[in-house]
Every structure is written in structure tokens, then in C-alpha cells.
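The chain contents come next:
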Amino acid sequence: MKHLNRRDFIRALGFTSLAAGGMGRVLADPIHEGSQVVEGITASARGAAAFLEDGKVIQPRREVPVFRDTDVLVVGGGTAGVVAALAARRAGVNTTLVERYGCFGGLWTAGLVLIVLCTHVPGEGKRTKMVQGIGDEILARIHSQKHGAINYSADGPHDATTDPEVTKYVLARMLREEGVDIVLHSWVTNAILDGDAVRGVLFESKAGCMAIRAKVVIDATGDGDVFDAAGAESIPHVHRIGLVHRLGNVPEGNSPEGLNLGGATPIPGVRWVNMQGPQGDCLDVPTLTNCELDGREAIWNKLKQIQETPGYENVFLLDVASQLGVRASRTLVGTQELRLEETLEQKAYADVIGVGGTYSFLKNLPCAIPYGSLVPVRVDNLLASGRCVAADNTMLNYTRLIAPCMLTGQAAGAAAALAVQENCTPRNVDVAKLQGLLKAQGAYLG
Ligand SMILES: Cc1cc2nc3c(=O)[nH]c(=O)nc-3n(C[C@H](O)[C@H](O)[C@H](O)COP(=O)(O)OP(=O)(O)OC[C@H]3O[C@@H](n4cnc5c(N)ncnc54)[C@H](O)[C@@H]3O)c2cc1C
């Protein structure tokens, strides 16, 4: 057999890029321009291939390499996940954030959903801002950037609309400034369980399957991927699935009847166009595939109609969302559920962790959110945040909006940090201490 030197051996394994988790060291001898060999890889994390046994696909049992240990692990870098990671880190614990894509913001950025609803309630003559704390700090930073946001104010009549690229930049900047450990391009696929307690997750990446062990895990995937994997009870939902896009070169002024040119953005001539889309099971791969393909065709057909309209010939398709517009898929069965009747009665929750602005069906009222809507009934060391928290069928159309996701994100991050520091499970966190921490982080609790 031909003897392979070390470099040939590594090339034969297929490792020609950086090793997972920065474990590898780039050698200074390029094979050819633009490519370098990596030293320090011990084993592929992929494990042995699956095999067929009696026609069934079997995965071999094996030890999974541990990529990292952390105090708090946040899975999903959308609105809720980023705010959760910032809250946990600011409370003083090691925090890791894992995201399947290459940017932060989730539906707010990659999904091109640009208007931040539910930050305010109407007041006498002017509106009052309810969403404060880390969420508002993020909005203020986005607004401070050129073309970052329009309509951002303490008491203005309109909701803020943000630029997706500025938002991605600001979110990443803030996470890095705070010292959150960031893991991108990594898709969490399973939970690590010890009885009813979550001890971490498994994730897949180009380097194979690896584990992250954590004291507390926050599910900010939007779809409850982690709590579902951990066996926590959840409710499946069917909802409309849209595909948002942006148009460029749109003339100023009122658009002709029947031509949906969407809403204004911080960039002149650029508008964002929401899409209701068909109702479907947001966890079903063929459904998601069809929504993506049909959505793109619909956008191009509509563009043709716009370009055939006199005065609008030069409108072009700037971009289509890289994250499909899934509104709801799974919600947690929490120790409490946010309910419409209770919100309309303005029930005072002893464990309130945030108060958000109003929404159409809330009749101009603010919305208090209880801690119990983040806490699974049975599984420990796990919290939910964002659009998958416990809420009834109406209120999930509130908790899934961007500003409420900021509130549940901050609460989950602060509670997870407190659980680590007090050496208790999140369900046993001292609520008064949690509320104190949230207030210290600028949150408004009513
Ligand atoms: C078409 C549409 C229009 C909307 N319009 C508005 C509006 O006008 N105003 C408003 O305020 N809200 C609106 N919303 C709702 C709002 O945008 C989202 O519900 C909200 O942004 C969700 O935030 P999140 O952090 O909970 O989830 P997401 O934004 O979905 O973030 C989840 C993150 O987790 C990552 N992730 C998921 N699974 C995994 C995994 N297994 N491993 C690793 N990473 C994972 C994702 O890539 C993503 O970054 C709209 C939603 C849709 C779909």
C-alpha cells in the first residue's frame, strides 16, 4: 500500500478547510493558491456510515465528540435567541449561541420581516413605548446606523421598520462585544437527556455530528426543535406560510390600485412585500419545499405585472427571503399558558417577566407575559423563548411578533443565568430575583 505522508493523509480524509470548532491549525504551506492544509484534526465527527439491515436503515451506536461545555446554551439566533444570549451573558455566565444559518435575526432579517410590531400602546395624544431593555437597545443601535430604521421613536404614531443588513450587523456586533460564544452553520438535531433533565444538544455541521454540554438550554428555534427532541409536551399548529421579498427602484407616491408594492423601508426606493401564503404544516418537508418554489414563482409573476404598469417598468426584485416565512409550528405546553381572556381582563401575573405593546385583538391594551409560558411542564434545565412559547391559539399570534419575542428572549436569558448562578433548575428560580435582574437590565414589567 502506498505510504501517505501526513498532508496527503489529511487530504485523503477530505479535510482541506478549517477544522471544526477552531480545533485545527492552518499550515503555512498552501497546496495551490487559495487552499491550505489544516493540522490538528484527530477524527471525523461524522462517525461510521449508516447501513442497511433487513431493508431498514440503521445508525451505529457511537460516542459523540464534545465540541464545547457552556453554562447557558441558546439554540437559534433569531430575535429571541440573540436577546436571550445577550441577557444571559450580561448576567455573568458563559453563553453559547448556535445558529443553523450564517447570520442573526431569523425571520426579522433572513425572513425579511421588517416592521417591529407591538412595541407601544396608545396613550393620550401619543403612544407609550412598552418594550424597553435589550430589545429597545437593539432598535436604538439599528436606528443610529445610516439607513438603519425609520419610524423609531419613544412616542411616535408608527412602528419602526428596520433594514435587514444593518440589523444583522448590529446583532452580530452586540453579541461579539458581549463575549457570547458564537457557533454558526450548525443545525441542532437532538437533545442530550439525563432522566428528565436536558444536559445539552447534538448538532450537525459540515464536520459531522458533535455535542455541546450545557447547564441550561434555551430553545429559541421558533419551532421548538429542542423541547420536542427532549420530549417536552407541545402543541402542533398549522398556519400560513409566506415568502417575503423586497422590490427596488419603486417610484415614490401612491401605487396604482391592485398593485401591492409593500411597505416603506429605510432605503429610498426599496419596499418590503409581505406574503400571506397558503396554510400548511410548517414541519412537513414537502410542504416547505412547495411553499418555497410556489412562493418564488408567485413573486416573479407579480413582478411581471408591476413592470408592465406604466411608470413602474424599472422596478426590480431586490431579494427574496432566505428564511421561509413560518409563522407557527409547535408551541410549548408550559406551566402557564398566555390566554386571550386573561390578557383582556388585564390579569396581574405574580411571575410577570415582560409587558409588551398592544396588537389588533388586544383592544389597545398592553400584554403582560408570565414566566410560566417559558417553562416546560416536565422537562428540566430547559426554557422556551420567541414564537414557540406557551400561548393559546389567538395569543400565539401575539407572542410570535418581533417585540414580544424580544421580551421572552430577555426573560429566558436572565432566568437561565440565574439558574446557573443559584445552582437550581429554571423552574425553581426565585421569581423576585428574576424580576429584579430583568429590571436591572432595563426591562419594563408594568
Ligand atoms: C410572513 C411573515 C410576516 C410577519 N410579519 C410580521 C410583522 O409585520 N411584524 C412583526 O413584528 N412580526 C411579524 N412576523 C412574525 C415575526 O417575524 C417572527 O415570528 C419572529 O421574528 C420570530 O422570532 P424568533 O426568534 O422566535 O424565531 P425565528 O426568527 O424563526 O428565529 C429562529 C432562529 O433559529 C434558527 N434555527 C431554527 N432551528 C434551528 C436548529 N434546529 N438549530 C439551529 N438553529 C436553528 C433559525 O435559523 C433562526 O435564526 C411575521 C412572520 C412571518 C412568517
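Source: prediction; values computed, not measured.

Caption draft 1: Quick peek at the overall build of the protein chain. In terms of regular secondary structure, the protein chain is built from ten helices and 26 strands. A compact globule built from 446 residues would reach a C-alpha radius of gyration of about 22 Å, and the protein chain, at 23 Å, matches this within 12%. In terms of overall dimensions, the protein chain has C-alpha extents of about 80 × 60 × 45 Å along its principal axes. Contacts spanning at least 24 positions in sequence make up 70% of the contacts within the protein chain whose residues lie at least 6 apart.

Caption draft 2: Fine view of the sheet that holds strand S20 (residues 279-281). The strand order across the open sheet formed by three strands is S20-S16-S22, and the pairing between neighbours is antiparallel. If you trace the sheet from one side to the other, it starts and ends with S20 and strand S22 (325-326), each paired once. Across two bridges, the pairing between strand S16 (residues 238-242) and S22 is antiparallel. Pairing of Ile241 across the sheet is with Val326, part of S22.

Caption draft 3: Structural context of the site of the ligand. Around the ligand lies a shell of 38 residues, among which Gly76, Gly78, Gly106, Gly222 and Gly386 are the nearest. At the level of secondary structure, the elements contributing two or more residues to the shell around the ligand comprise helix H2 (79-90), strand S12 (187-194), S22 and helix H9 (402-422). Broken down by element, the shell around the ligand gets its largest block of residues, three residues, from H2. Tallied by class, the residues present in the shell around the ligand amount to 18 nonpolar, 13 polar and seven charged. For the shell around the ligand, the domains that each give at least three residues are domain 2 (67-237 + 329-440) and domain 3 (239-325).

Caption draft 4: Just H2, in detail. Taking 1.5 Å per residue as the helical rise, H2 with its twelve residues ought to reach 16 Å, and the 17 Å between its terminal C-alpha atoms agrees with that figure. Of all twelve residues in H2, twelve are buried; the element is thus mostly enclosed. Regarding H2, the residues found buried are Thr79, Ala80, Gly81, Val82, Val83, Ala84, Ala85, Leu86, Ala87, Ala88, Arg89 and Arg90. Looking at the buried residues of H2, the elements they touch are strand S5 (66-75), strand S6 (95-98), helix H3 (133-144), helix H4 (164-178), strand S14 (208-219) and H9. Just past H2, the residue Gly92 takes up positive phi, approximately 105°.

Caption draft 5: The arrangement of the packing of H3 against H9 in detail. Contact geometry of H3 with H9 gives a least axis separation of 8 Å together with a crossing angle of 130°. One element, H3, and the other, H9, form an angle in the oblique class. Two secondary-structure elements touch here, H3 through Gly133, Ile134 and Gly135 and H9 through Ala403, Met406, Leu407 and Gln410. Classifying every residue of the contact of H3 with H9 gives four nonpolar, three polar and no charged.

Caption draft 6: Up close: the nonpolar core. Within the largest apolar cluster, 119 residues are counted, with the highest numbers of intra-cluster contacts made by Ala415 and Ala416. The element contributing the most residues to this core is H9, with 14 residues. A domain-level breakdown of this core finds at least three residues from each of domain 2 (67-237 + 329-440) and domain 3 (239-325). Not counting chain neighbours up to four residues away, the residues in contact with Ala415 comprise Tyr371, Leu383, Pro426, Val429 and Leu434.

Caption draft 7: Spotlight on the packing of H2 against H9. For the pair H2 and H9, the least separation of the axes is 7 Å and the interaxial angle reads 35°. The hand of the H2/H9 crossing is right-handed. For the pair H2 and H9, contact is made by Thr79, Ala80, Gly81, Val83, Ala84, Ala85, Leu86, Ala87 and Ala88 and by Ile402, Cys405, Met406, Thr408, Gly409, Gln410, Ala412, Gly413, Ala414, Ala416 and Ala417, respectively. Counted by class, the contact of H2 with H9 contains 14 nonpolar, six polar and no charged residues.

Caption draft 8: The arrangement of the pairing of S12 in detail. Where S12 lies against strand S13 (residues 197-205), seven bridges are found, and the strand directions are antiparallel. Residue Trp187 lies in a different strand from S13, and its bridge partner there is Glu204.

Caption draft 9: Looking closely at the environment of Glu342. By secondary structure assignment, the location of Glu342 is in helix H7 (residues 340-344). With 25 residues separating them along the chain, Glu342 and Cys367 place their C-alpha atoms 9.6 Å apart.

Caption draft 10: Main features of the environment of Glu178. Here Glu178 is to be found in helix H4. A C-alpha to C-alpha distance of 9.6 Å links Glu178 and Ala87, two positions 91 residues apart in sequence.

Caption draft 11: Up close: the pairing of S5. Taken across its ten residues, S5 has seven buried, putting it largely inside the fold. By the bridge criterion, eight bridges tie S5 to S14 in an arrangement that is parallel. Bridge pairing in S14 links Val75 to Asp219. Of the strand pairs in this sheet, S5 and S6 are connected by four bridges, and their pairing is parallel. Residue pairing across strands places Val74 opposite Leu97, the latter belonging to S6.

Caption draft 12: Structural view of the sheet that holds strand S19 (residues 271-273). Taken together, four strands build an open sheet; the order of strands is S18-S19-S17-S21 and the sheet is antiparallel. At either end of the open sheet lies a strand with only one pairing partner, and these are strand S18 (263-264) and strand S21 (316-320). Sheet analysis places S18 next to S19, joined by two bridges and oriented antiparallel. Bridging from a neighbouring strand, Ala264 pairs with Arg271 of S19.

What counts, and where the lines are drawn
Residues numbered from 1 in each chain as written. Predicted model: local features only at pLDDT ≥ 70, side-chain atom pairs only at ≥ 80, totals over all residues. Helix = DSSP H or I, 4+ residues; strand = E, 2+ residues; numbered from the N terminus. Rg over C-alpha atoms; globule rule 2.2 N^0.38 Å. Contact = placed C-beta atoms within 7 Å. Pairing = 2+ DSSP bridges. Near = placed C-beta within 6 Å. Nonpolar A, V, L, I, M, F, W, Y, C, P; charged D, E, K, R; others polar. Domains from an automatic or database assignment. Expected span 1.5 Å × (residues − 1). Buried ≥ 20, exposed ≤ 12 C-beta atoms within 10 Å, placed from the backbone. Axes fitted to C-alpha atoms, helices over the stretch in contact; angles between N-to-C directions. Parallel < 35°, antiparallel > 145°, perpendicular 65-115°, else oblique. Core = buried A, V, L, I, M, F, W, Y, C linked by C-beta atoms within 7 Å. Left-handed = near helix turned anticlockwise from the far one by under 90°.

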